[in-house]
Amino acid sequence: MFKHILIPTDGSDISRRAILSGIDLAKAVGARVTALYAAPTATPVVYKHFLPVGYTTPEKHAKAIKRAAAHYLAVAEEAAKAAGVPCETVYVTDDFPANAILAAAKKRKCDLIYMASHGHRGVSAVLLGSETQKVLTHSKIPVLVHR
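Keep in mind that this is a model prediction, so the values were computed, not measured.

Draft legend 1. Representation of the overall build of the chain. The helix and strand tally for the chain stands at 5 helices and 7 strands. For the chain, the N- to C-terminal ordering of α and β elements is β-α-β-β-β-α-β-α-β-α-α-β. Here the chain has a C-alpha radius of gyration of 15 Å; the compact-globule value for 147 residues is 15 Å, and the two agree. With the principal axes as the frame, the chain shows a C-alpha extent of 45 × 30 × 25 Å.

Structural data, given as structure tokens:
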């Protein structure tokens, strides 16, 4: 069945639940997982829920992204360890999360992407389409959507 499952997260509650469920699936089928956090590129403008909330240096913003990635990916590390599932965590910066997800799946030779149905996209998801929809549309491997 599946040997290597990519589980992207954006730090939302539904992504956290998808991580836990994806790790349960990995344990059941004997697969390993790669947890991925794809953040926007560091800029001088700081956003919260896609609204500009302040300014900083790109270096400080990059450090904040790294801290957020470590926090979000720790959920996968801890759950995988508790379940006895081999887990690698990766974070990348990319202004297009769906592209980052697809690229990570290809680069790591994953045979399944297990992701939440939606996350922190809010109004922009209505205007631009959800990242999940983009992954579903363009993935060459199976995508299992957690709701």
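Having seen the structure, we can now continue with the description.
Draft legend 2. Region of interest: the nonpolar core. Grouped together as the largest cluster of nonpolar side chains are 23 residues, with contacts concentrated most on I5, I7, I23, A26, V33 and V85. Elements supplying a minimum of two residues to this core: β1 (4-9), α1 (13-29), β2 (32-39), α2 (58-83) and β6 (112-116). When residues of this core are assigned to their parent elements, the largest contribution, 7 residues, is made by α2. If near-sequence neighbours (up to four positions away) are discounted, V85 is found in contact with I23, A26, K27, A31, R32, V33 and A80.

Draft legend 3. Inspection of the pattern of salt bridges at higher detail. Enumeration according to the criterion identifies 4 salt bridges in this entry. For R16, the salt bridge goes to D13, with nearest N and O atoms at 3.1 Å. Here R16 pairs with D13, and both are found in helix α1, just 3 residues apart, close to one helical turn. Overall, the relative accessible area of 34% leaves R16 in the partly exposed class. Overall, D13 belongs to the partly exposed group, its relative accessible area being 42%. The closest approach of N and O atoms between D13 and R17, which form a salt bridge, is 2.3 Å. Separated by 4 residues within a single helix, D13 and R17 lie in helix α1, roughly one turn from each other. Beyond isolated ion pairs, a larger network of salt bridges with shared partners links D13, R16 and R17.

Draft legend 4. Highlighting the state of the cysteines. Taken as a whole and assessed by the stated rule, the structure comprises 0 disulfides. Between C87, a free cysteine, and C110, which holds the nearest cysteine sulfur, the sulfur-to-sulfur gap is 11 Å. With relative accessibility at 30%, the residue C87 sits in the partly exposed group. Residue C110 is classed as buried on the basis of its relative accessible area, which comes to 7%.

Each value, and the rule that gives it
Residue numbers run consecutively from 1 along every chain, following the written order of its sequence. Predicted model: local features are reported for residues with pLDDT of at least 70 only, side-chain atom pairs are reported and counted for 80 or more only, and whole-chain, interface and lining totals are derived from all residues. Each side-chain value is derived from all of the structure's non-hydrogen atoms; neither hydrogens nor water enter the calculation. Secondary structure elements are defined from DSSP: runs of H or I of at least 4 residues count as helices, runs of E of at least 2 residues count as strands, and each element is numbered from the N terminus. Note that the radius of gyration is over C-alpha atoms, with the globule rule given as 2.2 Å times the number of residues to the power 0.38. The definition of a nonpolar core used throughout is a set of buried Ala, Val, Leu, Ile, Met, Phe, Trp, Tyr and Cys residues joined through side-chain atoms within 4.5 Å. Classification of residues uses two cut-offs on accessible area relative to the type maximum, computed with a 1.4 Å probe and protein chains only: under 20% is buried, over 50% is exposed, and between them is partly exposed. Residue contacts are defined here by distance: any two heavy atoms, one from each residue, within 4.5 Å place the two residues in contact. When a carboxyl oxygen of Asp or Glu lies within 4 Å of a side-chain nitrogen of Lys or Arg, that pair is called a salt bridge. Disulfides are defined as pairs of cysteine sulfur atoms found within 2.5 Å of each other.

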